Amino acid sequence: MNGRAHPARARGEASPRIAGRGAGVRLRSLAVLPLLAGLLTSCSSSQAGPVTVNWYNFPDDSGALASAADNCSRASGGRYRIAYNKLPRGADGQRQQLVRRLAAEDSTLDILGLDVTWAAEFAEAKWILPWTGSNRRRATEGTLEVPLQTATWKGRLYAVPYNTNTQLLWYRSDLVPKPPTTWAEMLGMARALAKQGKPHFVEIQGAQYEGLTVWFNTLVESAGGSILNAAATAPSLGPPAVQAATIMRNLATSPAADPSLSNQMEDQNRLAMESGTAAFELNYPFVYPSMQSNNPKLFKSFRWAPYPGVDPGRPSKPTIGGIDLAISAFSRHPALAYEAALCLRNRPNQMTAALKGGLPPTLRDLYSDKGLIKSYPFASDVLSALENASTRPQTPAYQNVSIAISHTLSPPVGIKPRSAIDTIGSQIEDALQSKGLIP
């Protein structure tokens, strides 16, 4: 069987074979119908219960997401049950699974945990629903502005920010009494420490992946530029991008560079700092509890400061991360999905995600909560960074834009700033004109 109905039966016509058997057969067939109806009623009643709202999100080892799903299921009063479905661990695998199922109009997807770079692509493909009316009001009320920008496309809100993230400068106060405020100052400090034979590496994400794009984007934005123009129709780049690429090359060719820079991601940076070989680390807040647990002795001198700027007097604009909750356009229960998504990112659940999962909240007033500050002594610095943060380029072609950047700038030691920016600009133009497929 190919799974499709016979053409005659699809049109409601009788089968020729049955039509020739006479009235007796038809009467016996009619007599069976009440029995079948009773069986169907019995089956449907046995399946009665709360509607299942399927939430697809990154795998969380802390238990915070599962706890949120349970909390909201109970709070629904039996109207729905949230099933937390874990996507693959890597962002590429997460996106691939969602794209394939949405392209097939899979109706079992309800709430989607989107990386902050996916909203434009999914909205343009009409895979997710906009947030309007009271849902939009509740989604935006008390929410930080920059995270909301990641969920917005062409002036419409397509998701609600669930959590956010931003990098700080982490450093050792036993080596660096006063933290640097610019990249030039930090590299100068690293060179001085190297001459003294002391730990001096600057740990940052230099591998050929999304983290390298984030590093570049932060430097471009901090230099007063942007990767795309305001309408996201063409590359912007220019002198700020050349300045950013030059800083990346300067680090890679200095004593500050970890020998494994071109292979390093966030977790390798964390481990290097904990091993005691580095003086500086540009990373997310998850490194704080990790250092506290893994190296209590070094933790005593583990400090934080704002992300260093490009030019003196100009504040840095670190690139934010995080997850936005969107509603599938193919959901069978969109009204319940909106309600459930708002519950999942409410104040208690965001607090749990911050304390158990290390995920910074998107609700502004949580940053003054004593419970959060106790575990997040750097909460005010995170809030300040988020209020001055940048987003990655918002475009449906973001995957290709990111690949053009990370491939061209890898390895950092080989960067030729002006020619690299020319190459990136040309490849971004191709991506925006759909010359090539989004991988």
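Definitions and cut-offs
- Residues numbered from 1 in each chain as written.
- Predicted model: local features only at pLDDT ≥ 70, side-chain atom pairs only at ≥ 80, totals over all residues.
- Heavy atoms only, no water.
- 1 Å grid on protein atoms, 1.4 Å probe; cavity = no way out; pocket = protein on both sides within 12 Å on 5 of 7 lines; lining within 4 Å.
- Points joined across faces, edges and corners; volume = space filled by probe spheres on them.
- Helix = DSSP H or I, 4+ residues; strand = E, 2+ residues; numbered from the N terminus.
- Nonpolar A, V, L, I, M, F, W, Y, C, P; charged D, E, K, R; others polar.
- Axes fitted to C-alpha atoms, helices over the stretch in contact; angles between N-to-C directions.
- Parallel < 35°, antiparallel > 145°, perpendicular 65-115°, else oblique.
- Contact = heavy atoms within 4.5 Å.
- Core = buried A, V, L, I, M, F, W, Y, C linked by side-chain atoms within 4.5 Å.
- Buried < 20%, exposed > 50% of the residue type's maximum accessible area, 1.4 Å probe, protein only.
- Salt bridge = Lys/Arg side-chain N within 4 Å of Asp/Glu carboxyl O.
- Disulfide = S-S within 2.5 Å.
- Pairing = 2+ DSSP bridges.
- Lys, Arg positive; Asp, Glu negative; His and termini not counted.
- Polar contact = N/O pair within 3.5 Å; in protein donor to acceptor, adjacent residues only side chain to side chain.

**Observations regarding the layout of surface pockets**
Counted as a void, the largest pocket has a volume near 1,700 Å³. Lining the largest pocket are 47 residues, and of these Arg89, Ala91, Gln94, Asp115 and Glu266 lie nearest its centre. Broken down by secondary-structure element, the contributors of at least two residues to the lining of the largest pocket are helix H5 (91-103), strand S6 (160-165), helix H10 (210-222), helix H12 (266-275), helix H13 (287-294), strand S11 (321-327), helix H16 (347-357) and helix H19 (398-408). Element by element, the count of residues in the lining of the largest pocket is highest for H19, at six residues. Within the lining of the largest pocket, the residues separate by chemical class into 16 nonpolar, 19 polar and twelve charged.

**Description of the packing of H10 against H19**
At a minimum axis distance of 8 Å, the contact between H10 and H19 shows a crossing angle of 85°. Between H10 and H19, the angle falls in the class roughly perpendicular. Seen from H10, the contacting residues are Glu210, Leu212, Thr213 and Phe216; seen from H19, they are Tyr398, Ser402, Ile405 and Ser406. Its residues assigned to classes, the contact of H10 with H19 comprises four nonpolar, three polar and one charged.

**Some points on the nonpolar core**
In this structure, Trp55, Leu98, Ile111, Phe122, Trp131 and Leu325 are the most contacted members of the largest nonpolar core, which totals 51 residues. Broken down by element, the residue count for this core peaks at eight residues, all from helix H15 (residues 334-344). Those residues in contact with Trp131, other than ones at most four positions away along the chain, are Arg136, Ala139, Leu157, Tyr158, Ala159, Val160, Leu325, Ile327, Tyr338, Ala341 and Leu342. Ranked by size, the runner-up nonpolar core spans 48 residues in total, among them Val176, Ala252, Ala420 and Ile428.

**Observations concerning the pattern of salt bridges**
Counted under the stated rule, the structure contains 15 salt bridges. Note that Glu121 is salt-bridged to Arg95, the shortest N-O span being 2.9 Å. Placement of the pair is Glu121 in helix H6 (residues 119-124) and Arg95 in helix H5, with a sequence separation of 26 residues. Given the relative accessible area of 10%, Glu121 is considered buried. The salt bridge involving Asp365 is made with Arg347; its shortest N-O contact spans 3.0 Å. Within this pair, whereas Asp365 is found in the loop between H16 and helix H17 (370-375), its partner Arg347 is found in helix H16, the two being separated by 18 residues in sequence. Overall, the relative accessible area of 43% leaves Asp365 in the partly exposed class.

**Thoughts on the state of the cysteines**
As enumerated under the stated definition, the model contains one disulfide in all. Covalent S-S linkage joins Cys72 and Cys343, the inter-sulfur distance amounting to 2.1 Å. Judged by the sign of its S-S torsion, about -95°, the bond between Cys72 and Cys343 is left-handed. One end of the pair, Cys72, is in helix H4 (residues 64-75); the other, Cys343, is in helix H15, and 271 residues separate them in sequence. With a relative accessible area of 0%, Cys72 lands in the buried category.

**Focus on the sheet that holds strand S2 (residues 80-86)**
Strand order across the open sheet formed by five strands is S2-S1-S3-S11-S6, with mixed pairing between neighbours. Across the chains shown, the open sheet's two edge strands, defined by having one partner strand only, are S2 and S6. Across the sheet, the mean angle from the axis of one strand to that of its neighbour is 20°, orientation sign disregarded. Summarising the sheet, strand S1 (residues 51-57) and S2 pair through seven bridges and their orientation is parallel.

**Thoughts on the side chain of Asp115**
For Asp115, the location among the structural elements is in strand S3 (residues 111-115). Salt bridges are absent for the buried Asp115, whose nearest opposite-charge side chain, Arg392, sits at 4.4 Å. Residues contacting Asp115, with those up to four places away along its chain left out, are Gly322, Ile323 and Arg392.

**Notes on empty space enclosed by the protein**
The probe, sized like a water molecule, is rolled over the atoms to show the empty space still left. For the structure shown, the criterion picks out two cavities of 30 Å³ or more. Of the volumes computed, that of the largest cavity is approximately 50 Å³. Taken together, Val116, Thr117, Ala119, Ala120, Thr150, Thr152, Pro393, Gln394 and Thr395 form the lining of the largest cavity. Partitioned by chemical class, the residues of the lining of the largest cavity number four nonpolar, five polar and no charged. As a volume, the second largest cavity reaches approximately 40 Å³. If you go around the second largest cavity, the residues you meet are Val116, Thr117, Thr150, Thr391, Arg392, Pro393 and Gln394. Residue classes in the lining of the second largest cavity are distributed as two nonpolar, four polar and one charged.

**Overview of H16**
Taken together, the buried positions of H16 are Asn349, Gln350, Met351, Ala353 and Ala354. The elements touched by buried residues of H16 are H4, S6, H15 and H17. Measuring from the backbone nitrogen of Asn349 back to the side-chain oxygen at the start of H16 gives 3.0 Å, which picks out Asn346 as the cap.

**What to know about unusual backbone geometry**
Here the amide bond leading from Ser410 into Pro411 is cis, since omega sits at -5°, within 30 degrees of zero. Backbone geometry places Lys126, a non-glycine residue, at a positive phi of 65°. Within the secondary structure layout, Lys126 lies in the loop between H6 and helix H7 (133-140).

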